[in-house]
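# Tertiary structure, described
Here is what each chain is made of, one letter per residue.
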Amino acid sequence: MRKKVIAGNWKMNKVRAEAEQFINDTKTNVPASDQVESVVCAPFPYLASLVEKAAGTDVEIAAQNMHFEDNGAFTGEVSPVMLKDIGVTYVVLGHSERREYFAETDETVNKKTHAAFNHGITPIVCVGETLEQREANETMTLVESQVKKALEGLTEDQVKQTIIAYEPIWAIGTGKTATSEQANEVCTHIRGVVEKAVSADAAQAVRIQYGGSVKPANVDELLSQSDIDGALVGGASLEADSFLKLVEAGAK
Ligand code: 13P
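A quick note: this is a predicted structure, and the numbers were derived from the prediction, not measured.

Our focus in this paragraph is the site of the ligand. The immediate surroundings of the ligand are formed by 13 residues, with Lys-11, His-95, Gly-173, Ser-213 and Gly-234 found nearest. Backbone polar atom of Gly-234 to an oxygen atom of the ligand: 2.8 Å apart, as the coordinates give it. In this structure, Gly-235 approaches the ligand through a main-chain N or O atom, which is 2.8 Å from an oxygen atom. Relative to its unbound accessible area of 310 Å², the ligand is 94% covered by the protein chains. Broken down by class, the residue content of the shell around the ligand amounts to 4 nonpolar, 7 polar and 2 charged.

Below, the discussion takes up the environment of Asp-25. Topologically, Asp-25 is positioned in helix H1 (residues 16-26). Relative accessible area serves as the criterion here: at 35%, Asp-25 is assigned to the partly exposed category. Along the chain, Asp-25 and Leu-244 lie 219 residues apart, while their C-alpha atoms are 9.4 Å from each other. Leaving out residues up to four positions away in the same chain, Asp-25 has contacts with Ala-240 and Leu-244.

On to unusual backbone geometry, then. Even without being a glycine, Lys-11 presents a positive backbone phi close to 55 degrees. When you line up the elements, Lys-11 lands in the loop between strand E1 (4-9) and H1. A positive phi is found at Lys-14, a non-glycine position, where the angle reads about 85 degrees. Take Lys-14: it is sitting in the loop between E1 and H1.

Now for the pairing of strand E6 (residues 163-166). Side chains of E6 alternate between two faces, with Ile-163 and Ala-165 and Ile-164 and Tyr-166 buried alike. As paired elements, strand E5 (residues 122-127) and E6 share 4 bridges and run parallel to each other. Residue pairing in the sheet places Cys-126 in a bridge with Ala-165 of E6. For E6 and strand E7 (residues 207-211), the ladder comprises 4 bridges, and the chain directions are parallel. Residue pairing across strands places Ile-163 opposite Arg-207, the latter belonging to E7.

Attention shifts here to the side chain of Gln-209. Its location among the elements puts Gln-209 in strand E7. Among the polar contacts made by the side chain of Gln-209, one reaches the main-chain carbonyl oxygen of Val-5 at a distance of 3.0 Å.

With parallel pairing, the 8 strands of this closed barrel are ordered in space as E1-E2-E3-E4-E5-E6-E7-E8. Across the sheet, the mean angle separating the axes of adjacent strands is 25 degrees when strand polarity is ignored. Across 4 bridges, strand E4 (residues 90-93) lies against E5 in parallel orientation. Paired with Val-91 across the two strands is Pro-123, which belongs to E5.

Further remarks concern the pattern of salt bridges. Tallied over the full model, the rule gives 14 salt bridges. A salt bridge links Glu-144 to Lys-148; its shortest N-O distance comes to 3.0 Å. With a gap of 4 residues between them, Glu-144 and Lys-148 both fall in helix H7 (residues 139-151), about one helical turn apart. Residue Lys-148 is classed as partly exposed on the basis of its relative accessible area of 40%. For Asp-220, the salt bridge is made with Lys-252, and the minimal N-O distance between the two is 3.2 Å.

Looking at the largest pocket, its volume works out to about 370 Å³. As for the largest pocket, its lining consists of 15 residues, of which Lys-11, Met-12, Gln-64, Arg-98 and Phe-102 are closest to the centre. Ranked by the residues each element gives to the lining of the largest pocket, the list is headed by helix H4 (residues 96-101), at 3 residues. The class makeup of the residues in the lining of the largest pocket is 8 nonpolar, 4 polar and 3 charged. Roughly 160 Å³ of volume is contained in the second largest pocket. Lining the second largest pocket are 16 residues; nearest its centre among them are Gly-173, Gly-212, Ser-213, Gly-234 and Gly-235. When the residues that make up the lining of the second largest pocket are grouped by side-chain class, the tally is 5 nonpolar, 8 polar and 3 charged.

Procedures and definitions
Residues numbered from 1 in each chain as written. Predicted model: local features only at pLDDT ≥ 70, side-chain atom pairs only at ≥ 80, totals over all residues. Heavy atoms only, no water. Near = heavy atom within 4 Å. Polar contact = N/O pair within 3.5 Å; in protein donor to acceptor, adjacent residues only side chain to side chain. Areas by Shrake-Rupley, 256 points an atom, 1.4 Å probe, with all protein chains shown as cover. Nonpolar A, V, L, I, M, F, W, Y, C, P; charged D, E, K, R; others polar. Helix = DSSP H or I, 4+ residues; strand = E, 2+ residues; numbered from the N terminus. Buried < 20%, exposed > 50% of the residue type's maximum accessible area, 1.4 Å probe, protein only. Contact = heavy atoms within 4.5 Å. Pairing = 2+ DSSP bridges. Axes fitted to C-alpha atoms, helices over the stretch in contact; angles between N-to-C directions. Salt bridge = Lys/Arg side-chain N within 4 Å of Asp/Glu carboxyl O. 1 Å grid on protein atoms, 1.4 Å probe; cavity = no way out; pocket = protein on both sides within 12 Å on 5 of 7 lines; lining within 4 Å. Points joined across faces, edges and corners; volume = space filled by probe spheres on them.

Right, dumping it as structure tokens:
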């Protein structure tokens, strides 16, 4: 039985007081971490303070991106060493917004995934198609290629610990959720890709989230699907009440 993981991706939202208030409001109310993993993906400036606020609770703090090098002349970048140093435990990699606006590629996602494991940070690797790609029937081949490239060179054990987030781009922030069948179909395909590329054991262990307009009203149905092990949530993760409903759904 794979443990569900509910991650709230705040993207570029909240100021410090709002971020800290959110952690205060959620940290004692999230279900215990043996039932579900509750992850908050916050902007860089607040990570250190949120890690301190969440210490000893069942809320984990994630970054939304990082560089793959440990240090060096990369102005404006944040390294895995820095994230580890302040106690960050998860990192979102290859989000479609980073692929689209910040030139993230399958190759950099792969380097970052390796870097995350080298520093004991759990990667949440995002994949997913545009509407045009879906309409051209390219979803399965595209997602297969993104997954294979992201995982290239990892050990079987590392693959087992990876979290893959399937986020169809047409469903992000649009209110258009993929139907649970559409979402599960692609998540099942991703598990098959992991089985072929790595092993049946890795495929059974790897956690696959769905993301794209997930909210309290649709999360139960999505999480009831055979291959959906959690959710990566934008808009509906910004309010503590809504985020708590999502993690409670993950704990059922
Ligand atoms: P929304 O939940 O706002 O559609 O965003 C999904 C997402 O991109 C999470 O990473």
